[in-house]
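# Observations on chain architecture
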Amino acid sequence: TFRMHAAIGEPLITANLPLAFSHADLQSTAAWKSQLEATDRLARHGAVSENVLLRNYTARTPAASGGIWDRAAAIQHFDVALTAGDPVEVARTLPSAWVAMRQARAEIQFAKLYGAALQELPLAGEAAVIAFEVGLLSPDYEAVAIAAAAADAGFDPFLIGIARGTPQNLPASSRRTQAIQDAFDSAPPPQELQSRVDDGKLGEALLRALALFEAGSEGDLRSVADALKLLRSVGLEDVARRAALQLMILDRAT
């Protein structure tokens, strides 16, 4: 039905359809605003690559202001500054670009695109803090943390601890940080999860851990610790650290 409507020139609006239909609006035949809105919807679920996001956000010059147009303008100005390697312009445009990506919930894609490049620039103040957080959300999070610790730049030591796998050695300042510390101690995962692993049901155990982490991110912090313990116990240390970093940096409650 969807394809038939498109074929006769009366395409259905994808915003009210299941997420998979948003991919149809990424085609070049769709209006730019539709492409941007679909990109945002998919980015929130990690269902679009960072390269597609950048391509669509920089495809044209916004002809209006407000909402998604302001986000596109912010990303374009920042991308030009970073490509030019201009620390002053990067420091000026980065905060607006970061706000834009937080609004779109596309921080991870942004970090994959720009995390490494930002570490090469001499930034200070707000821009330096943002660059540090972006770096921790990138695949190079551990190298970013090691460099920050060596430079003694005054960044959040708990985030550095998570990235290095040693948050348990630092004082906890909240229930959330305490839950993450518990996840990185030497205690085994809860028996409910471990028994599934012992029975050869690793996939089932991981799915259960993901559900627990989701519940934990919404307030049940004990579940966060249980989920991360399971991930670490089966060799998914990288996944556990990145999940903990995202939980701390991407506070969806705010």
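To be clear, the structure that these remarks concern was listed above.
About the cut-offs
- Residues numbered from 1 in each chain as written.
- Predicted model: local features only at pLDDT ≥ 70, side-chain atom pairs only at ≥ 80, totals over all residues.
- Heavy atoms only, no water.
- Core = buried A, V, L, I, M, F, W, Y, C linked by side-chain atoms within 4.5 Å.
- Buried < 20%, exposed > 50% of the residue type's maximum accessible area, 1.4 Å probe, protein only.
- Contact = heavy atoms within 4.5 Å.
- Phe/Tyr/Trp six-rings, centres within 6.5 Å; stacked < 30°, edge-to-face > 60°.
- Helix = DSSP H or I, 4+ residues; strand = E, 2+ residues; numbered from the N terminus.
- Axes fitted to C-alpha atoms, helices over the stretch in contact; angles between N-to-C directions.
- Parallel < 35°, antiparallel > 145°, perpendicular 65-115°, else oblique.
- Left-handed = near helix turned anticlockwise from the far one by under 90°.
- Expected span 1.5 Å × (residues − 1).
- Bend = angle between axes of the 7 residues up to and from the residue.
- Polar contact = N/O pair within 3.5 Å; in protein donor to acceptor, adjacent residues only side chain to side chain.

To continue, consider the nonpolar core. By size, the foremost hydrophobic cluster in this structure holds 71 residues, and its most contacted members are Phe78, Leu94, Phe110, Leu118, Leu123, Leu136 and Leu228. Non-local contacts of leucine 123, meaning those with residues more than four positions away in its chain, are made with Pro87, Val90, Ala91, Leu94, Leu118, Ala128 and Ala131.

The next subject is the packing of aromatic side chains. In the structure shown here, the tally under the stated rule is seven aromatic pairs. A ring pair is formed by tryptophan 98 and phenylalanine 110, whose centres lie 5.7 Å apart and whose planes are at 45 degrees; its orientation type is tilted. One end of the pair, tryptophan 98, is in helix α5 (residues 87-104); the other, phenylalanine 110, is in helix α6 (residues 107-118), with 12 residues separating them in the sequence. On the basis of relative accessible area, phenylalanine 110 is assigned to the buried category, the value being 1%. Through pairs of rings, three or more aromatic residues link up here, namely Phe78, Trp98, Phe110 and Tyr114.

Relative to each other, α5 and α6 sit at 160 degrees, their axes nearing to 10 Å. With respect to each other, α5 and α6 are oriented roughly antiparallel. Relative to α6, the crossing made by α5 is left-handed. Counting all contacts with α5, which are made through Val90, Leu94, Ala97, Trp98, Met101 and Arg102, the residues of α6 involved are Glu107, Phe110 and Leu118.

Right, let's talk about α5 for a bit. In this model α5 runs 25 Å from its N-terminal to its C-terminal C-alpha over 18 residues, within 8% of the 26 Å that 1.5 Å per residue would give. At threonine 93, α5 shows its strongest bend, of approximately 35 degrees, with the proline proline 95 following within four residues. Of all the residues in α5, the buried ones are Val90, Thr93, Leu94, Pro95, Ala97, Trp98, Ala100, Met101 and Ala104. Buried residues along α5 sit in contact with α2 (32-43), α3 (50-57), α4 (68-84), α6 and α7 (125-136). Immediately beyond the C-terminal end of α5, within one or two residues, lies arginine 105, with a positive phi of roughly 55 degrees.

What you tend to see is this: most non-glycine residues have negative phi, and most peptide bonds are trans. If you check the backbone angles, arginine 105 has positive phi at about 55 degrees while not being a glycine. Along the chain, the position of arginine 105 falls in the loop between α5 and α6.

Before going further, it helps to examine the side chain of glutamine 76. Along the chain, glutamine 76 turns up in helix α4. A polar contact is formed between the side chain of glutamine 76 and the backbone oxygen of tyrosine 57, at a distance of 2.8 Å. Apart from the residues within four sequence positions on either side, glutamine 76 is in contact with Trp32, Tyr57, Thr58, Arg60, Thr61 and Pro62.

Right, let's talk about the environment of tryptophan 32 for a bit. Looking at the element boundaries, tryptophan 32 is found in helix α2. It is 43 Å that separates the C-alpha atoms of tryptophan 32 and alanine 151, two residues lying 119 residues apart in sequence. In this view, tryptophan 32 contacts Asn56, Tyr57, Ala59, Arg60, Thr61, Pro62, Trp69, Ala72 and Gln76; residues no more than four positions away in its chain are not counted. Looking at tryptophan 32, its side chain comes within polar contact range of the main-chain oxygen of asparagine 56, at 2.7 Å.

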